[in-house]
Amino acid sequence: MSNAVKDQGLIFVVSAPSGTGKSTICRRLLAACPDLEFSVSHTSRPPRPGEADGRDYCFISRADFEERIALGEFVEWVENYGNLYGTSVKAIDAVLARGKDLLLDIEPRGARAIKERYPDAVFVFILPPSRDELLKRLEKRGHESAKVIQERFAQAERELREVLWYDYAVFNEDLEAAVLQTIAVYRAEKCKVSRLRGAIDLFF
Ligand code: 5GP
């Protein structure tokens, strides 16, 4: 059928408090799913060792960030630990227009804003096996002061409660199992009839 509608790309949002292994799971998910592309956020925080501009984040100054907020360039943005983070509307729309899927690694306040604007997006929350284990993992990361670790733990506890409005929860007790579960969620969502209307019309 020549007038078949092309199926829109999927927005896949993954949130988790720091120390839950979210970055590793996201990396593995991207490696396993060629149609899924990482949404590179903008941030005013400085790069950490090993992070690359344009790959992990677009690193910009606070002044530049504030200017972009005023211009309405972000679909959502938040201030976190004194730094600004945001998702650009253009970046999302460019990927979806190419029919690709988009992985957003963002915290729950931003995820809520995405849900309002893109109600068909899928929301996955990664949980640590327990709260004690989370504290241990935060302490083990090693590159942060005790004060920062305490702040992150307090924020993590608040964030964990947000799991209740997400679509899926993945407990990261065993990394391999958590990776497989996250991939399974993505693949199952791709098979939903509601997401395949264009392909199904074409079939008939
Ligand atoms: P980090 O500084 O450790 O890279 O990220 C801190 C937190 O900010 C993480 O929870 C990460 O998911 C979140 N984050 C990264 N980019 C964005 C964004 O564009 N929007 C929102 N709302 N959160 C983000």
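Note that the coordinates shown come from a computational prediction; the quantities given were computed from them, not determined experimentally.

> What exactly am I supposed to notice about the sheet that holds strand S4 (residues 57–59) here?
With respect to topology, four strands assemble into an open sheet ordered S4-S3-S6-S5, the strand pairing being mixed. The open sheet has two edge strands, S4 and strand S5 (74–80), and neither has a second partner. Between one strand axis and the next, the sheet turns by 25 degrees as a mean value, whatever way the strands run. For strand S3 (residues 41–43) and strand S6 (residues 83–88), the ladder comprises two bridges, and the chain directions are antiparallel.

> Please explain the site of the ligand as it appears in this structure.
Among the 15 residues in the neighbourhood of the ligand, the closest are listed as Ser41, Arg45, Tyr57, Glu76 and Tyr85. Within the backbone of Gly86, an N or O atom sits 3.2 Å from an oxygen atom of the ligand. Asp105 places a polar side-chain atom, nitrogen or oxygen, 2.7 Å from an oxygen atom of the ligand. Protein burial of the ligand: of its 510 Å² of free accessible surface, 92% is covered by the chains. Of all the elements in the fold, those that place two or more residues in the shell around the ligand are S5 and S6.

> Is there a simple way to think about the pattern of salt bridges in this case?
Enumeration according to the criterion identifies 18 salt bridges in this entry. The salt bridge involving Glu66 is made with Arg62; its shortest N-O contact spans 3.4 Å. Within this pair, Glu66 and its partner Arg62 are both found in helix H2 (residues 62–70), separated by four residues, close to a single helical turn. Taking relative accessible area as the criterion, Glu66 reaches 41% and is therefore assigned partly exposed. Looking at Arg62, the relative accessible area reads 32%, which means it is partly exposed. Arg131 is the salt-bridge partner of Glu157, the closest N and O atoms lying 2.6 Å from each other. With Glu157 in helix H6 (residues 146–160) and Arg131 in helix H5 (residues 131–140), this pair connects stretches of sequence that are 26 residues apart. Arg131 sits in the partly exposed class, given a relative accessible area of 48%. Each member of the salt-bridge network shares a partner with another, and the members are Arg62, Glu66 and Glu79.

> Before we go on, may I ask you to explain unusual backbone geometry in this structure?
For residues other than glycine, phi is negative in most cases, and the peptide bonds are mostly trans. Despite not being glycine, Tyr81 has its phi angle at roughly 50 degrees, a positive value. Tracing the backbone through its elements, the reader meets Tyr81 in the loop between S5 and S6. The partly exposed category is assigned to Tyr81, whose relative accessible area is 31%.

Criteria and thresholds
Residues numbered from 1 in each chain as written. Predicted model: local features only at pLDDT ≥ 70, side-chain atom pairs only at ≥ 80, totals over all residues. Heavy atoms only, no water. Pairing = 2+ DSSP bridges. Helix = DSSP H or I, 4+ residues; strand = E, 2+ residues; numbered from the N terminus. Axes fitted to C-alpha atoms, helices over the stretch in contact; angles between N-to-C directions. Near = heavy atom within 4 Å. Polar contact = N/O pair within 3.5 Å; in protein donor to acceptor, adjacent residues only side chain to side chain. Areas by Shrake-Rupley, 256 points an atom, 1.4 Å probe, with all protein chains shown as cover. Salt bridge = Lys/Arg side-chain N within 4 Å of Asp/Glu carboxyl O. Buried < 20%, exposed > 50% of the residue type's maximum accessible area, 1.4 Å probe, protein only.

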